[in-house]
Amino acid sequence: MQFKSTNELVYGGVMDVEINAPSDEEGIIYGYASWYGNLDRNGNIIQRGALKGKKLKVPLLWNHDDGDVVGSAEVTEDEKGMRYRAKLAIDSRSQTLRDRAEYVYALVKEGHVAGNSIGFIPTKYEYRSKKLGGEEIYYRHIESLDLVEVTICPIQANPRAKVEKHSFNPDAVADLIQPLQREIELLKNQLEELKGDKSSIPADLEATIRRRLRIF
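(A) Region of interest: the overall build of the chain. Looking only at helices and strands, the chain has 3 helices and 9 strands in total. The linear arrangement of helices and strands in the chain, starting from the amino end, is β-β-β-β-β-β-α-β-β-β-α-α. For the chain, the residues scored as buried account for 42% of the 216 residues in total. Across the chain, every contact between residues at least 6 apart in sequence was considered, and the portion connecting residues at least 24 apart equals 72%. Surface accessibility of the chain: about 12,200 Å² in total, with carbon and sulfur atoms responsible for 47%.

(B) A look at the packing of aromatic side chains. Enumeration according to the criterion identifies 3 aromatic pairs in this entry. Between Trp 62 and Tyr 103, the ring centres sit 6.4 Å apart and the planes meet at 75°, which makes this aromatic pair edge-to-face. Here Trp 62 is found in strand β4 (residues 56-62), whereas its partner Tyr 103 is found in helix α1 (residues 95-110), with 41 residues between them in sequence. The ring of Tyr 139 carries the charged tip of Lys 130 above its face, separated from the ring centre by 6.0 Å. Seen from the ring of Tyr 125, Arg 140 lies directly overhead, with NZ or CZ sitting 5.2 Å from the centre.

(C) Focus on α1. Between its first and last C-alpha, α1 extends 22 Å over 16 residues, near the 22 Å set by a 1.5 Å rise per residue. Taken residue by residue, α1 has Ala 101, Val 104, Tyr 105, Ala 106, Leu 107 and Val 108 as its buried positions. Directly beyond the C-terminal end of α1, a positive phi value near 85° is found at Gly 111.

(D) View of the environment of Ala 50. Structurally, Ala 50 can be placed in the loop between β3 (44-46) and β4. The class for Ala 50 is buried, based on a relative accessible area of 0%. Each residue touching Ala 50, except ones within four places of it in the same chain, is listed here: Tyr 36, Glu 77, Met 82, Glu 143, Ser 144 and Leu 145.

(E) The arrangement of the confidence of the model for the chain in detail. Predicted confidence across the chain gives a mean pLDDT of 77, with 69% of residues reaching 70 or more. Of all the helices and strands in the chain, helix α3 (residues 203-212) carries the lowest mean pLDDT, 56, while β4 carries the highest, 96. Confidence drops under pLDDT 50 across residues 14-23; counting only partners more than four residues distant or on other chains, this segment forms 40 contacts. Note on residues 158-162: pLDDT under 50 across the span, and 31 contacts to partners over four residues away in sequence or across chains.

(F) Quick peek at the pattern of salt bridges. Applying the stated criterion across every chain, the model contains 6 salt bridges. Between Arg 100 and Asp 68 there is a salt bridge whose closest N-O contact spans 2.9 Å. Of this pair, Arg 100 sits in helix α1 while Asp 68 sits in strand β5 (residues 65-77); the two residues are 32 residues apart in sequence, bridging distant segments of the chain. Residue classification places Arg 100 among the partly exposed positions, given a relative accessible area of 28%. For Glu 126, the salt bridge goes to Arg 128, with nearest N and O atoms at 2.7 Å.

(G) Region of the structure containing the pairing of strand β2 (residues 28-35). Burial runs high along β2: 8 of the 8 residues are buried. The sheet contact formed by β2 and strand β6 (residues 81-88) spans 7 bridges and is antiparallel. Residue pairing for β6: Ile 29 is matched across the bridge by Ala 86.

(H) Quick look at unusual backbone geometry. At Lys 52, a residue that is not glycine, the phi angle is positive and equals roughly 55°. Along the chain, Lys 52 turns up in the loop between β3 and β4. Positive phi is not limited to glycine here, since Asn 63 has a value of about 60°. With respect to the helices and strands, Asn 63 occurs in the loop between β4 and β5.

About the thresholds
Residues numbered from 1 in each chain as written. Predicted model: local features only at pLDDT ≥ 70, side-chain atom pairs only at ≥ 80, totals over all residues. Heavy atoms only, no water. Helix = DSSP H or I, 4+ residues; strand = E, 2+ residues; numbered from the N terminus. Buried < 20%, exposed > 50% of the residue type's maximum accessible area, 1.4 Å probe, protein only. Contact = heavy atoms within 4.5 Å. Areas by Shrake-Rupley, 256 points an atom, 1.4 Å probe, with all protein chains shown as cover. Phe/Tyr/Trp six-rings, centres within 6.5 Å; stacked < 30°, edge-to-face > 60°. Lys NZ or Arg CZ within 6 Å of the ring centre and 35° of its normal. Expected span 1.5 Å × (residues − 1). pLDDT = per-residue confidence, 0-100. Salt bridge = Lys/Arg side-chain N within 4 Å of Asp/Glu carboxyl O. Pairing = 2+ DSSP bridges.

As structure tokens, this is what we get:
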């Protein structure tokens, strides 16, 4: 096979990591924008050194939406992958941008969203095959790429992709918790109403309500 290049925008992701919040860096999150050698759900494996040692600053997006920039990310390489340090725009002069950045930041802080993904253009790649789970699969082996963006997302292309660290913003967290508390109260009321005639409760409905309330 021969290496090729393309102008196609491709999505991929990184690794599982624990959330560990530094107390002195408000609005900052850390993670890996790419984990080398790992097969993502889009059939890509990115080779170690794909950035060729470049240090980049790219937009930080919400869910790969280029109309939803929530900050910026500084990206460098190490032996594991493309490591980033991102600043969310929680101090922006724009109220709209500030609100959106605080929303995403609160989702990360509370652990509701911990996914990373990236948008990139492969500049040197080839298709290869390998055995996985007893089956032969074909994947795109990416030797080099142009990184376009780092994304925070609820469903990442790579099953190992997670945010590594974040800092704390109590006001943004409070704004997120309030609607969740209202939803919990509504579910509690629905469950109480159904208790009067439990024989008529569909099993799947009761199970759903109990899961949402974290009642096991």
